[in-house]
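Structural overview for review
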Amino acid sequence: MNNYEQFCTKFVQAVGNKEGAVSPVIMSSAAFGYGDAQTAEGIFDGSIKKPLYSRMGNPTTAKLEAIMAEMDGGVGAVATSSGMGATTLATMSLLEAGDEIISIGGLFGGTYALFDETLSRFGIKTYFFDVDELENIKNAITDKTKIIFLESVGNPNMRLPDIKAIAAIANKEGVALIVDNTITPLSISPLAIGADIVVYSTTKVIAGNASALGGCAVFRGINDGEDKFKSSRYEFMKKPIKSAGKMALIPNAKKRVLRDLGMSANANASYQTLLGLETLALRLPRIVQSVEIIAKELSKQGLKINHPCLESHPHHARYKTDFSLGCGTLFTIDMGSKENAYSFINKTKLATITANIGDSRTLALHMASTIYSDFDVATRKFLGITDGLIRISIGLENPKDIIADFLNAAQ
Ligand SMILES: *Cc1c(COP(=O)(O)O)cnc(C)c1O
């Protein structure tokens with residue numbers, strides 16, 4: 001049974017309650033009373049499992065975290081206030097000044113800026129590579145490399161990494177692999193193919209309707225015997241592994257980042273995300289199927305479409321083998337010039353013009369004048385941002401309606 005079918009059952013069963021309120025309860029309190037001094041001590045030392053304070057964890061959010069952890073086969077998860085919060089949590093929990101990151105593929109703009117502009121101010125250096133530069137990636141690993149980071153699908157360049165091959169390098173060299181799986185939940189299971197941490201913007205297809213900003217990091221368990229996190233590269237993991245065993249990456253992330261930087265999820269957003277998650281396994285296969293139908297037809301009609309379902313795409317073979325459940329909601333159209341792109345955007349009647357992706361509605365955005373307007377020419381070129389590039393995120397509409405609308409808009 002594929003993940004879509006399996007999670008059609010699991011999500012609805014896990015989100016709803018069998019007794020009392022069927023819909024998840026929103027526990028929107030910031031603080032929780034402990035009752036007495038002994039209980040307070042126990043909650044703080046971890047021996048009593050009750051809520052401490054919502055920055056460190058909230059019961060509604062905990063429900064979301066448990067389901068997200070199950071979705072990816074992790075030992076636990078930490079939900080955050082945004083997808084960037086999840087990436088910041090996961091990366092900064094493993095980094096200190098002087099460390100290095102290897103970043104692979106065309107990154108989401110915010111992640112690129114985090115690595116290139118913000119973490120660099122704290123003495124962390126990032127080396128950027130294309131997905132297929134495996135030899136260069138291997139050679140770039142030093143004693144200071146703490147993280148290899150990649151996105152399951154290049155957004156918006158639509159390049160597909162060979163995640164297993166990159167995980168093999170990370171595991172051989174003993175470096176943590178973090179995968180941003182925002183675009184391909186259920187379709188790709190990064191922990192099962194060798195990643196250590198998965199991060200999501202749940203704002204996108206998981207919530208699925210622009211109702212809540214949110215993120216989540218899912219962590220694998222520390223192995224009983226050998227484990228890369230027990231090596232001298234991750235000296236700081238000694239303490240959490242001693243006290244939390246296989247769960248160690250979670251208290252490490254909470255104490256090193258969540259407690260002090262405070263990108264915590266709130267109960268209302270977690271509730272709305274749970275409602276979205278409930279139908280994810282039903283929505284995503286429909287969208288993935290529509291993406292193929294639309295991309296192929298528009299390409300046949302002469303539009304310059306970038307999606308790996310097309311035989312002309314350099315990663316078409318990888319798409320067939322490693323991404324058999326699709327690669328998410330996106331494709332791009334290159335209209336050749338900014339003028340043509342603007343004309344398309346202003347003529348489409350179905351697409352909503354916005355920076356979001358993964359919505360129930362079809363969305364469109366001109367890349368160079370919006371998300372990438374701050375980036376210099378060389379960086380845009382590296383990220384594949386041409387002057388006429390429009391990113392499309394397909395929604396739940398009938399694909400025939402979208403094809404007709406887009407063909408009209410392209411004239
Ligand atoms: C949107 C997005 C993010 C950031 O998520 P926010 O919820 O907007 O903070 C990170 N990675 C990818 C791939 C995204 O699409």
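Residues numbered from 1 in each chain as written. Predicted model: local features only at pLDDT ≥ 70, side-chain atom pairs only at ≥ 80, totals over all residues. Heavy atoms only, no water.

1. Here's the deal with helix α1 (residues 3-15)
Between its first and last C-alpha atoms α1 spans 17 Å; for 13 residues at 1.5 Å apiece the expected length is 18 Å, and the two agree. Burial in α1 covers these residues: Asn3, Tyr4, Phe7, Phe11 and Val15. On its buried side, α1 packs onto α3 (59-72) and α10 (267-300). N-capping of α1 is provided by Asn2, with a side-chain oxygen placed 2.8 Å from the backbone N of Tyr4. (Helix = DSSP H or I, 4+ residues; strand = E, 2+ residues; numbered from the N terminus. Expected span 1.5 Å × (residues − 1). Buried < 20%, exposed > 50% of the residue type's maximum accessible area, 1.4 Å probe, protein only. Contact = heavy atoms within 4.5 Å. Polar contact = N/O pair within 3.5 Å; in protein donor to acceptor, adjacent residues only side chain to side chain.)

2. A few points about the pattern of salt bridges
Counting across every chain of the model gives 16 salt bridges. The partner of Glu135 in a salt bridge is Lys138, with the nearest N and O atoms 3.8 Å apart. Taken together, the residues Glu135 and Lys138, both in helix α6 (residues 134-140) and three residues apart, mark about one turn of the helix. Look at Lys138 and you get partly exposed, because its relative accessible area is 35%. For the salt bridge of Lys296 with Glu292, the shortest nitrogen-to-oxygen distance reads 3.2 Å. Of this pair, Lys296 and Glu292 both sit in helix α10, separated by four residues, roughly a single helical turn. Given a relative accessible area of 38%, Lys296 falls into the partly exposed group. Residues joined in a network through salt bridges with shared partners are Asp130, Asp132, Arg159 and Arg318. (Salt bridge = Lys/Arg side-chain N within 4 Å of Asp/Glu carboxyl O.)

3. Structural notes on the sheet that holds strand β5 (residues 176-180)
Pairing in this open sheet of seven strands is mixed, and the strands run β1-β7-β6-β5-β4-β2-β3 from one edge to the other. The sheet terminates laterally at β1 (76-80) and β3 (125-129), the two strands that pair on one side only. Strand after strand, the sheet turns through a mean of 20 degrees between neighbouring axes, direction not considered. Bridging between β5 and strand β6 (residues 197-201) involves three bridges; their strand directions are parallel. Within the sheet, the bridge partner assigned to Ile178 lies in β6 and is Ile197. Helix-sheet contacts for helix α7 (residues 163-173) involve β2 (100-104), β4 (145-151) and β5, and the interaxial angle to β4 is about 175 degrees. Across the sheet, helix α9 (residues 249-261) touches β1 and β7 (215-219), and the angle it forms with β1 is around 25 degrees. (Pairing = 2+ DSSP bridges. Axes fitted to C-alpha atoms, helices over the stretch in contact; angles between N-to-C directions.)

4. Details of the side chain of Asn157
Tracing the sequence through the fold places Asn157 in the loop between β4 and α7. With residues near it in sequence (within four places) discarded, Asn157 still touches Gly106, Asn306 and Leu383.

5. Focus: the site of the ligand
Every one of the 14 residues lining the ligand counts as a neighbour, but Gly83, Asp180, Ser201, Thr203 and Lys204 are closest to it. At 2.8 Å, a backbone N or O of Gly83 approaches an oxygen atom of the ligand. Between Met84 and the ligand, the recorded distance is 2.9 Å, taken from a backbone N or O atom to an oxygen atom. Contact with the protein chains hides 91% of the accessible area of the ligand, taken as 380 Å² for the molecule alone. Residue composition of the shell around the ligand, by class: four nonpolar, seven polar and three charged. (Near = heavy atom within 4 Å. Areas by Shrake-Rupley, 256 points an atom, 1.4 Å probe, with all protein chains shown as cover. Nonpolar A, V, L, I, M, F, W, Y, C, P; charged D, E, K, R; others polar.)

6. Some points on the packing of aromatic side chains
Tallied over the entire structure, the rule returns nine aromatic pairs. Look at Phe7 and Phe11: their rings are 4.9 Å apart centre to centre, the planes differ by 40 degrees, and that puts the pair in the tilted class. Here Phe7 pairs with Phe11, and both are found in helix α1, just four residues apart, close to one helical turn. You can call Phe11 buried: its relative accessible area is 0%. When the ring of Tyr234 is compared with that of Phe236, the centres are 6.2 Å apart and the planes differ by 85 degrees; the resulting orientation is edge-to-face. The ring of Phe7 carries the charged tip of Lys10 above its face, separated from the ring centre by 5.6 Å. Stacked on the ring of Tyr127, the Lys or Arg Lys125 has its end atom at 4.8 Å from the ring centre. (Phe/Tyr/Trp six-rings, centres within 6.5 Å; stacked < 30°, edge-to-face > 60°. Lys NZ or Arg CZ within 6 Å of the ring centre and 35° of its normal.)

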